[in-house]
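Structural features, examined
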Amino acid sequence: MATLRKQKRQKSSRIVRNTSVLAAASMLAACGGSNTSTVPTAPPASPPVPPLSVMIKGIVTAAAFTPGSSTEPMVTGGYYQGATVCIDANANGKCDSNENPVTTDANGAFTLAVAAAGPIIADIGTMAVNTANGATNPTRNVFRALLDQVNEQTDAVIVSPLSSEVARLTEANGSDYQTEKQNLATRLGVELGQVMTDVNTQTGVVQASMLRESNILSGRFAYAITKLDRADLYPDALAVPGGDPEITGMAGVTAATATVADTRKPITFAQAEQASFNVEGIPRYDHIFIVMLENKATLSLLNSPFAPKINAYLHAGNMLTSYYATGNPSEPNYTALGAGDDFGITDDSQWNCDATGPNAPQDLPLPTNDQPGLASSPFAATCTQAAAVNHNIVGRPNLFNAISAAGMTWRTYSESLNPGQDLRTDSVADPAVIAQDHVYQPGTVGGNTAVVGDPNLVLPLPAALYKTKHHPGMAYQNVRSAPEFKFSNRTMGGSQWEDALKNSTMYAIPAGYDFDQFGSDLVSGDVGNLNFVVPDQCDDMHGISVKGTDVATAVTVTASDCSSVANNVPNATGGAIITRGDNYVDSVVKKIEASPLWNNPQKKVAIVLMFDEGNATSGFNSCCGWNVSNSTVAHPLTQNADGSWSVDMTVNNYSNGNRGHGQSVWGLLSNQPSAPKASVDSDVYSHFSFVRTLQDMFQLADPMNDASYMNRSKYTEKFIAQNILNLPEYAGSADTHFDSVRPTNHAFAIPISYTQKQSADISTPAQVGPDPTQANIWALK
Amino acid sequence: MRAVTLATISSLALAACGGRSGSDGASPEAAVKFRATPPLSLAAQVGRKIFFDKALSASGKMSCATCHDPNHAYGPPNDLAVQPGGRDLTTPGLRAVPSLRYKEYTPAYADLLDNPDGISVPGPGGGFTWDGRADTLAQQAGVPLLSAFEMANAGAADVVAKLRASAYSKLFRQAFGDDVFNDTTAAFNEASAALQAYQLEDSSFHPYSSKFDLYAGNKIGGAMTPAEARGLAVFSNPKIGNCSSCHYQGAGRNGSSALFTDFSYEAIGVPRNARIRANLDAAYVDMGVCGPLRTDHNPASPAAPEVHCGMFGTPTLRNVATRKVFFHNGVIHSLEQAIRFYNTRDTNPEIWYPNVGGMPRGSPDPSFPQYGLVTTQYDGGTVQKFDDLPAGYHSNIDTQMPLDARAAGSSPPMTEQNIADLICFLSTLTDGYKPSAPSPISGPCVN
């Protein structure tokens, strides 16, 4: 209290205590969902007006994100002018007039006279101005400062997104101000004494870290207020335990899987703050690493003696066990992972194929071999195919643009690039880059009894270790044209040829070239929020022809471990390439797990191990937003001005896309010590579910607005039922739950007598009934 | 947003499934459940006219639809191994009529075609006709028009003259230009292209309206019976039926799936069919990809090594239960017999291939199967296994399951139950399926 200016010392201590207690009580009540409008502040008859004995002075800080950076996100600091500040006595997330709010000045400053110190809020309305960019605030927002902070800070209580986050975390974790202040400082990598200060007074990396986080938090808290002001029901429909309650009894929905009554109530302020960090039950993560592997059905990987390390990770971490690919072959799957749709791409062709008219490439010049420095480029200037399917997706929303637009970062880490190559081209062979064959001792490849591999075999770098078809953003014009495209696409080491890449001759090696930016970024922390980790076509288990010469015999020999095996190879048969991929995955996971990021438990970090596609020789090709087998009626939807939807007939071959290619293993590792381990979610999910999950994780979409979910990731059971005339591929469904998208949050409980649908990619009998637990694989604790 | 019940949609769609071809032989309005039916292009409209035009044959009695009957999945309407054709409809053909259904994803022939499963070793595949010698449906269309034992036109000019005189010549001009008939080659090519357009555009050539499609599409009415599900397992299991190895049912090229063919060519040693007139000449051997109809893979000299000899295309198995002739030479006449050939070609070759030098028994042992092509039991003699392929090419015979060259007298890969179940499953591939309500509770394919 010594830090507060006390103008009058009167008999106010009792009131101070009461006010605090009441505020806290109402806060707690709010968590239970009760209406907070009847806070018993005083007898109703003639409320005594307590003397305004305490002056709280402070400032409300702001962050403003400017899109378009070609490097890190550009966030500047400032203040909110015209925000109101008060003690939110009724905890309704507003400065009501009877709470006697004061208004911030052009420097964000306020002086609040109150009867006693209390936790304060800044109610930032749409008239308020963010001085960082001079713009009026687009949607109402509220920042908070806890009483402990008010007490701690002198004449300047810094009300900021960071102070608000500390307040929120104390409630999320049942902890206190000092604990969460320290935790936030630890997470941001700043000093304890810095984290609650005016960000505008900080400099350098400390300021940059605080500003970037302030911008993200501002978005989260603004979203919380949007939910509150909209009176959203709590929790989100797709996070309700048991399943979406909105579809119970709904026409066009399979009744057997829509059984949950809707008992939700309008969200409270306190709930809204937590819910905005847990959209559809998917908690916010700071960093996610998605390790992409190739072409293996579940039965080929699960418990394979050729992949003991991946299996150890799968069983130690969490698994989705009914996870479906959405396309065939690679390119449509990666394209779907980038945005929740493949747009009718049904092959692995170059991204400019049949891209004409409005689809013509805009990132000119094309990276052809007549361009300076690209003499070795394999890129074909033109590509025309019989099916005339456009491979350059123009103007569609995608994860990359959405992440960047929110002031967050993405990375793709690609292995075995030719140093100096254009990322938009496949890598090429280089006879000057020579590696030894991998030699496996007995017992290291699926129980081999003889040595596998030839120690005398030298292998020149083959072509196509890096393929653009395996880049989840490559098909999207607005990704390749994004200012941060070059900055965000990075190298990854660990290649068989890594040590020899310095001898590369096909392109000029750029000065200061980092052959393993992935490793460097893990040390520096400069990884993205969203990271696609893309091994080369040997290390991802795809397989290509790699041949070299045995120096002892001068005979041409094929590399020991890069020959393809069938997508559904029996796990007893396996193949050396599976072990190769297993070893690579192990090295990537170990590298991440050794990083400062991973070992900072205040940072929420996850690793996903997944495959682009399985095999699906029989049974179901896909689920969950799929284009139901052999339908020819699927088209994308476009939203009309009045909110209704129409069919978009402009995408040639669209109805051949999104048909799926079976099931693969899908594992999640988390750095959170208290997170659930070894939990298994067998609900059906697809790449579209995962894209929806990522949108929730990074708060890129709003469950109350279907259109905010990109492309087919919006195809929830409710959305399909409401738009069935525009989505005729789903007509006559025998199981609308199976056909539709949901986030991977395990909220849906499988009915007791329900038999799982599955493809031939799973060799075990179909599960009947619910999972042993409904644990959410993403849960932080 | 309009909310509409799924039940309404599906009942409307099901109601539309009843349509069938009219008596005038016009295009069948085939069952369409969740398939689009956009209007035919002008070229396709011309193609439809041509397809049903008997005047385009020398006999005046044969159209494309005569052999490729829309009421029989665009396959033969009868059980004749080969159909009669020519000027007087008395000249027998050389091969069984294939179905024209589900050809829309077939690529041109290549010696090393990538398998649609994306992983099998590339091999001979693609193309049209039993030997793949036509690259496109348009090319294929020209074959019967000019074949002496089919529509028997003297040449392209003959066909074009008939088109010019047809009732739809105006439509033809509208589609391809006023002066299209001035150039015989161009006009013939346009006619072929029109037939292709018709087959690609008209959904009756690819209706995907079988029970299997309901099953694979997660649709009401698609729940398989236990027998059908067991049959699917037999079909897929590489250790039992292994049918799906060539009759690929997974996801394939260009978004296709469940075509029940991988477009590949294999030599499986189908017995010679003495009922084909050309086969009366012992020197005549139809060896598929290596000739004689196809001419680009012929042995360099008679009996010279050539890996393509004996290879014929893998047909789709969609609608297979409706066929009455099987394999390229139509020697087999029921689905069950075709499956039994696969099952016992190696274990009981004596019931599929002729015996030379043996003594026929008056009546066979009770255990001697009667489902083969040879129902007479012989004592002694030699079974002429692979009697329709010169001995030098027997090494071309594929050895995949279930034709894994196991010893005569050993156990066949499939049990009687497997065979019964497999037939049940294959019957789910018949288009025009209408789920009955309530579901049948008895019959061979229920439990």
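Owing to the predicted nature of the structure, the values given are computational and were not obtained by experimental measurement. (Residues numbered from 1 in each chain as written. Chains lettered and ligands numbered in written order. Predicted model: local features only at pLDDT ≥ 70, side-chain atom pairs only at ≥ 80, totals over all residues.)

Our focus in this paragraph is the overall build of chain B. A count of helices and strands for chain B gives 11 helices and 10 strands. Scaling as 2.2 N^0.38, a compact globule of 447 residues should have a C-alpha radius of gyration of about 22 Å, and chain B matches this with 23 Å. Dimensions of chain B, computed from C-alpha atoms along their principal axes, come out at roughly 70 × 60 × 45 Å. Within the span of chain B, comprising 447 residues, buried residues form 50% of the whole. A separation of at least 24 residues holds for 68% of the contacts in chain B among residues at least 6 apart in sequence. (Helix = DSSP H or I, 4+ residues; strand = E, 2+ residues; numbered from the N terminus. Rg over C-alpha atoms; globule rule 2.2 N^0.38 Å. Buried ≥ 20, exposed ≤ 12 C-beta atoms within 10 Å, placed from the backbone. Contact = placed C-beta atoms within 7 Å.)

Turning to the overall build of chain A, a few remarks are in order. Tallying secondary structure elements over chain A gives 17 helices and 29 strands in all. Computed over C-alpha atoms, the radius of gyration of chain A comes to 28 Å, within 12% of the 28 Å expected from 2.2 N^0.38 for 781 residues, which places it in the range of a compact globule. Taking the principal axes of the C-alpha coordinates as reference, chain A spans close to 100 × 60 × 55 Å. Put simply, of all contacts in chain A between residues at least 6 apart along the chain, 76% involve residues at least 24 apart.

Turning our eyes to something else, we now look at the nonpolar core. Core analysis: the largest hydrophobic core is formed by 194 residues, its most contacted members being V60, V85, I120, A122 and V291 of chain A. In terms of residues, this core owes the most to one element, helix α5 (residues 204–230) of chain A, which gives 10 residues. Non-local contacts of V60 of chain A, meaning those with residues more than four positions away in its chain, are made with Y79, Y80, A83, V85, T104, G108, F110, A122, F143 and V159 of chain A. Counting 61 residues, the second largest nonpolar core, distinct from the first, contains V97, V320, I332 and Y393 of chain B. (Core = buried A, V, L, I, M, F, W, Y, C linked by C-beta atoms within 7 Å.)

All names here are of chain A. Strand order across the open sheet formed by 4 strands is β19-β20-β23-β24, with antiparallel pairing between neighbours. If you trace the sheet from one side to the other, it starts and ends with β19 (430–436) and β24 (556–558), each paired once. Averaged over all neighbouring strand pairs, the angle between strand axes comes to 40 degrees, with direction disregarded. Two elements, β19 and strand β20 (residues 457–461), share 4 bridges in a ladder whose sense is antiparallel. Its bridge partner lying in β20, Q436 is registered against V458. (Pairing = 2+ DSSP bridges. Axes fitted to C-alpha atoms, helices over the stretch in contact; angles between N-to-C directions.)

What follows deals with the packing of helix α2 (residues 42–51) of chain B against helix α6 (residues 169–176) of chain B. All names here are of chain B. Across the interface, α2 lies against α6 with an axial gap of 9 Å and an inter-helix angle of 150 degrees. Comparing the axis directions of α2 and α6 gives the class roughly antiparallel. At the point where α2 passes α6, the crossing takes the left-handed sense. Along its contact with α2, which presents L42, A43, Q45, V46 and K49, the element α6 presents L171, F172, Q174 and A175. Residue classes in the contact of α2 with α6 are distributed as 6 nonpolar, 2 polar and 1 charged. (Parallel < 35°, antiparallel > 145°, perpendicular 65-115°, else oblique. Left-handed = near helix turned anticlockwise from the far one by under 90°. Nonpolar A, V, L, I, M, F, W, Y, C, P; charged D, E, K, R; others polar.)

A word on the pairing of strand β10 (residues 141–145) of chain A. Residue and element names in this part refer to chain A. Across the 5 residues that make up β10, a large majority, 5, are buried. The side-chain alternation of β10 yields two buried faces, one formed by N141, F143 and A145 and the other by V142 and R144. Across 5 bridges, the pairing between strand β7 (residues 120–124) and β10 is antiparallel. If you follow I121 over to β10, its bridge partner there is R144.

With that settled, the discussion passes to the interface of chain B and chain A. In this assembly, 33 residues from chain B lie in contact with 44 residues from chain A. Elements with a minimum of two residues in the side of chain B that touches chain A: α1 (6–15), α8 (211–216) and α9 (226–236) of chain B. Residue classes in the side of chain B that touches chain A are distributed as 15 nonpolar, 13 polar and 5 charged.

Let us now look at the pairing of strand β22 (residues 530–534) of chain A. Residues and elements named next belong to chain A. Counted residue by residue, β22 has 5 buried out of 5 residues, so it is predominantly covered. Burial along β22 is two-sided: L530, F532 and V534 and N531 and V533, pointing in opposite directions, are all buried. Taken together, the 4 bridges between strand β16 (residues 287–293) and β22 define a ladder with parallel strand orientation. When the bridges of β22 are listed, I288 appears paired with L530. Bridge count between strand β18 (residues 410–415) and β22: 5 bridges; the pairing is parallel. Residue pairing in the sheet places Y413 in a bridge with V533 of β22.

Further remarks concern the confidence of the model for chain B. Caution applies to low-pLDDT regions: their predicted coordinates should not be interpreted in detail. Residue and element names in this part refer to chain B. Looking at chain B as a whole, its pLDDT mean stands at 91, while 92% of the residues score no less than 70. Considering only residues more than four positions removed or in separate chains, one finds that residues 1–35, a stretch of pLDDT under 50, has 80 contacts. Across the assembled chains, the prediction reports ipTM 0.88 with pTM 0.91. (pLDDT = per-residue confidence, 0-100.)

This part covers helix α15 (residues 687–697) of chain A. With respect to burial, α15 of chain A is a largely interior element, 11 of its 11 residues being buried. The first or second residue beyond α15 of chain A is Q699 of chain A, which carries a positive phi of 50 degrees.

With that settled, consider the sheet that holds β16 of chain A. All names here are of chain A. On the basis of which strands lie adjacent, the open sheet formed by 8 strands has the order β21-β18-β22-β16-β25-β28-β17-β29 and mixed pairing. Two strands lie at the open edges of the sheet, namely β21 (489–492) and β29 (680–686), each paired on one side alone. Within this sheet the neighbouring strands show an average axis-to-axis angle of 25 degrees, counted without direction. Bridge analysis of β16 against strand β25 (residues 605–611) gives 7 bridges, and the strand direction is parallel. Bridge pairing links M292 to M610 in β25.

Residue and element names in this part refer to chain B. If you trace the backbone, T66 turns up in helix α3 (residues 64–67). Among the residues examined, T66 registers 22 C-beta atoms within 10 Å and is labelled buried. Residues T66 and P76 lie 10 residues apart in sequence; the distance between their C-alpha atoms is 7.8 Å.

Residue and element names in this part refer to chain B. Between helix α10 (residues 335–344) and helix α11 (residues 416–427), whose axes approach to 10 Å, the crossing angle comes to 130 degrees. When the axes of α10 and α11 are compared, the pair comes out oblique. In this structure, α10 crosses over α11, and the sense of that crossing is right-handed. Within the contact between the two elements, α10 uses L335, E336, I339, R340 and N343 and α11 uses I419, L422, I423 and L426.

Let's shift gears to the environment of I403 of chain A. Residues and elements named next belong to chain A. Along the polypeptide, I403 turns up in helix α10 (residues 399–405). Classification of I403 by C-beta neighbours within 10 Å gives buried; the count is 22. Each C-alpha atom, one on I403 and one on Q695, is 8.8 Å from the other, the two residues being 292 residues apart in sequence. Leaving out residues up to four positions away in the same chain, I403 has contacts with M408, T409, W410, N529, L530 and F698.

Note that the residue after Y234 of chain A, namely P235 of chain A, is joined by a cis bond; omega there is -5 degrees. Considering the arrangement of structural elements, one finds P235 of chain A in the loop between β12 (233–234) and β13 (265–266). The amide bond that connects M401 of chain B to the next residue, P402 of chain B, takes the cis arrangement and shows omega of 5 degrees. The residue D354 of chain A is not glycine, and still its phi comes out positive at about 50 degrees. Classification of D354 of chain A by C-beta neighbours within 10 Å gives partly exposed; the count is 19. With a phi angle near 60 degrees, A152 of chain B is a residue other than glycine that sits in the positive phi range.

Here we take up the environment of Y248 of chain B. Residues and elements named next belong to chain B. Positionally, Y248 belongs in the loop between α9 and β5 (265–266). A residue is classified by how many C-beta atoms lie within 10 Å of it, and Y248, with 27 of them, is buried. Each C-alpha atom of the pair Y248 and T261 lies 4.7 Å from the other, and the pair is 13 residues apart in sequence.

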